[in-house]
Amino acid sequence: MPGPTREPDDAAVRASSRATLAERAQAPAELPELPDPLAWRSLVPADVDALTALIGHIEATDNPPYRTTTDEVRDYFDPGQDYAGIGGFDGEGKLRAFGFVRLRHGEAQVRRVFLSGGIEASLRDRGVGRAILDWQLARARQILASSEYAQESDVTALIVVDVDDDTGALAHLLASRGFAPRRYYSQLRRDLTVPIPELTVDRPLYVEPWTPSIDDAVRRAHNTAFNDVWGSEPLTPQEWQRERSHNVPSWSFVALDRSSDRAQVAGYLMSGRYEHDWPALGWTEGYTEILGVLPAWRGRHVAGALLTHAMRAYAADGMQYAGLDVDADNPTGAIGVFGRLDYEQVRSSAVYMLEI
């Protein structure tokens, strides 16, 4: 078992910064072979239905607290990224295992390559998962070495895998390949049968329903509010819309400062409705997708007022819980707000990373 992972020392960082990304990637000329008896080939958009069916089968077996939709699988092939997918098919042409590698375009601070994959339960513990991961790592290095950032020497590149708290075998496999957990997230919920407190903001702040007319101002406010949050990148109007494909307008709110003729966005809360996840969760919930307060208005109960407005909207539509995810290292002080509003942790996850 590998020893503890250490942060690189200053000399290593300086040496790394002198090499280009292509040099650091050390891309292999050939990809590792994948095991028989499956027949392996690249996945293409025409495989969306087969891939959705396989992921559905895996999720039915493992029972995570979510379910992946066809639209979410279609995003694997989004042209706004460099991607590569591999699929293992049995003798009858049925997809039984897959691995994906995705590098989003346009990230300015950190270049992140996301790995995802899955194997039917009957093929586990046969080395297929290890083989797919080795293929993904090799393909990720190739993608980085041929990307638009390849000749940059000051770029940070990370290979990233999300790991749920009950997937210890995956965590162990990633550690054996040099990955380490670098970010931790908690999934929280709040029982909506518990009385919701009355939280208000001092004038000239007002909490109002979200409307399409203010949406781009909210996007710009989001880019400012999350400027100091790790891994956050400014969103274009197109990316903002794509990130909120499940948005529920009646569950979304904006805090406005109306001290002048031109209202300013002080905070915002955007909610999503993920009905396809409810059977796996075991309850219905209104999900807070994005919550932000701009620095000038922090410490003025804006987040709490937004959350309580959303809770009432969820409850009015018959939801049992309010749900959200939170970064354990969030610098905005939001974690304390959730605790005071009776949110409780139900699950956790970690982001494993390998720095290139």
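Residues numbered from 1 in each chain as written. Predicted model: local features only at pLDDT ≥ 70, side-chain atom pairs only at ≥ 80, totals over all residues. Heavy atoms only, no water.

Participant: Could you give me a rundown of the environment of Leu324, with the residues and numbers involved?
Facilitator: The residue Leu324 is located in strand S11 (residues 321-327) in this model. What makes Leu324 buried here is its relative accessible area of 3%. For the pair Leu324 and Leu291, spaced 33 residues apart in the sequence, the C-alpha separation amounts to 9.4 Å. Every residue in contact with Leu324, bar those within four places of it in the chain, is listed here: Ser186, Gln187, Leu188, Tyr287, Thr288, Leu307, Phe338 and Tyr343. (Helix = DSSP H or I, 4+ residues; strand = E, 2+ residues; numbered from the N terminus. Buried < 20%, exposed > 50% of the residue type's maximum accessible area, 1.4 Å probe, protein only. Contact = heavy atoms within 4.5 Å.)

Participant: Any chance you could break down helix H10 (residues 302-316) for me, citing the residues and the numbers?
Facilitator: Spanning 15 residues, H10 covers 21 Å between terminal C-alpha atoms, matching the ideal 21 Å at 1.5 Å per step. All of the buried residues along H10 are Val302, Ala303, Gly304, Ala305, Leu306, Leu307, Thr308, Ala310, Met311, Ala313 and Tyr314. Backbone geometry just after H10 places Gly318 at a positive phi near 85°. (Expected span 1.5 Å × (residues − 1).)

Participant: Lay out the packing of aromatic side chains with the relevant residues and their values.
Facilitator: Evaluated as defined, the whole model comprises 9 aromatic pairs. Taken together, a centroid distance of 5.6 Å and an interplanar angle of 65° make the contact between Phe338 and Tyr343 edge-to-face. Seen from the ring of Tyr149, Arg111 lies directly overhead, with NZ or CZ sitting 3.7 Å from the centre. Above the face of the Tyr321 ring, Arg189 is positioned so that its terminal group lies 4.1 Å from the ring centre. (Phe/Tyr/Trp six-rings, centres within 6.5 Å; stacked < 30°, edge-to-face > 60°. Lys NZ or Arg CZ within 6 Å of the ring centre and 35° of its normal.)

Participant: Can you lay out the confidence of the model for the chain for me, pointing to particular residues and giving the numbers?
Facilitator: On average, the chain scores 90 in pLDDT, and the residues at 70 or more come to 92%. Highest mean pLDDT in the chain belongs to strand S1 (residues 39-42) (98); lowest belongs to helix H1 (residues 10-18) (48). (pLDDT = per-residue confidence, 0-100.)

Participant: Outline the environment of Leu269, listing residues and values.
Facilitator: Structurally, the position occupied by Leu269 is in strand S9 (residues 264-272). The spatial distance from the C-alpha of Leu269 to the C-alpha of Gln320 is 19 Å, given a sequence separation of 51 residues. If sequence neighbours within four positions are ignored, Leu269 has contacts with Trp251, Ser252, Phe253, Thr288, Ile290, Leu291, Leu306, Leu307, Ala310 and Tyr314.

Participant: Before we move on, can you summarise the sheet that holds strand S2 (residues 81-89) with the specific residues and values?
Facilitator: Read from one edge to the other, the open sheet built from 12 strands follows the order S1-S2-S3-S4-S5-S12-S6-S11-S10-S9-S8-S7, with strand pairing classed as mixed. Each of the sheet's edge strands pairs with one partner strand only, and the pair in question is S1 and strand S7 (205-209). Going from strand to strand, the sheet's axes swing by 20° on average, the running direction of each strand aside. Each of strand S8 (253-257), S9 and strand S10 (285-293) touches helix H7 (residues 215-225); the most contacted strand, S9, lies at about 100° to it. (Pairing = 2+ DSSP bridges. Axes fitted to C-alpha atoms, helices over the stretch in contact; angles between N-to-C directions.)

Participant: Give a detailed account of the pairing of S10, specifying residues and quantitative values.
Facilitator: Each regular strand shows side chains that alternate between the opposite faces of the sheet. Counting buried residues in S10 gives 9 out of 9 residues, a clear majority hidden from the surface. Judged from the 6 bridges that link them, S9 and S10 form a sheet pairing that is antiparallel. From the neighbouring strand, Met270 faces S10, where its bridge partner is Ile290. Judged from the 3 bridges that link them, S10 and S11 form a sheet pairing that is parallel. Bridge pairing in S11 places Glu285 opposite Tyr321.

Participant: Now, about the pattern of salt bridges: what can you tell me, with residues and values included?
Facilitator: Under the defined criterion, the tally for this structure stands at 19 salt bridges. A salt bridge links Arg177 to Asp134, with the nearest nitrogen and oxygen atoms 2.8 Å apart. Here Arg177 is found in the loop between helix H6 (168-176) and strand S6 (180-191), whereas its partner Asp134 is found in helix H5 (residues 128-145), with 43 residues between them in sequence. A residue is classified by how much of its surface remains accessible, and Arg177, at 27% relative accessible area, is partly exposed. (Salt bridge = Lys/Arg side-chain N within 4 Å of Asp/Glu carboxyl O.)

Participant: Before we move on, could you go through H6 and cite the residues and values that matter?
Facilitator: For an α-helix, 3.6 residues make a turn, and residues three or four places apart therefore share a direction. Along H6, the positions that sit buried rather than exposed are Ala171, Leu173 and Leu174. In a view along the axis of H6, the buried residues occupy a sector of 165°, so they form one face of it. Along its buried surface, H6 packs onto H5, strand S5 (156-164) and strand S12 (344-355). Backbone geometry just downstream of H6 places Gly178 in the positive-phi region, at approximately 95°. (Arc of directions from axis to C-beta.)

Participant: Which residues make up the side chain of Ser186, and what values do they have?
Facilitator: Relative to the helices and strands, Ser186 resides in strand S6. There is a polar contact of 3.1 Å between the side chain of Ser186 and the side chain of Gln345. In this view, Ser186 contacts Leu324, Asp325, Val326, Gln345, Arg347 and Ser348; residues no more than four positions away in its chain are not counted. (Polar contact = N/O pair within 3.5 Å; in protein donor to acceptor, adjacent residues only side chain to side chain.)

Participant: Tell me what's going on with the nonpolar core, and back it up with residues and numbers.
Facilitator: Ranked by internal contacts, the top residues of the largest apolar core, which has 52 residues, are Val218, Tyr268, Leu307 and Tyr343. It is H10 that contributes the most residues to this core, 9 residues altogether. Among residues more than four places away in sequence, those in contact with Val218 are Trp210, Trp240, Val254, Val265, Tyr268 and Met270. Ile119, Ile159, Ala171 and Leu174 belong to the second largest nonpolar core, which has 37 residues in total. (Core = buried A, V, L, I, M, F, W, Y, C linked by side-chain atoms within 4.5 Å.)

Participant: Quick one: what's the story with the pairing of S12, residue by residue and with numbers?
Facilitator: Examined bridge by bridge, S5 and S12 share 7 bridges and lie antiparallel to one another. Among the inter-strand pairings, Asp164 is bridged to a residue of S12, identified as Ser349. Note that S6 and S12 share 9 bridges and pair antiparallel. Paired with Tyr184 across the bridge in S12 is Ala350.

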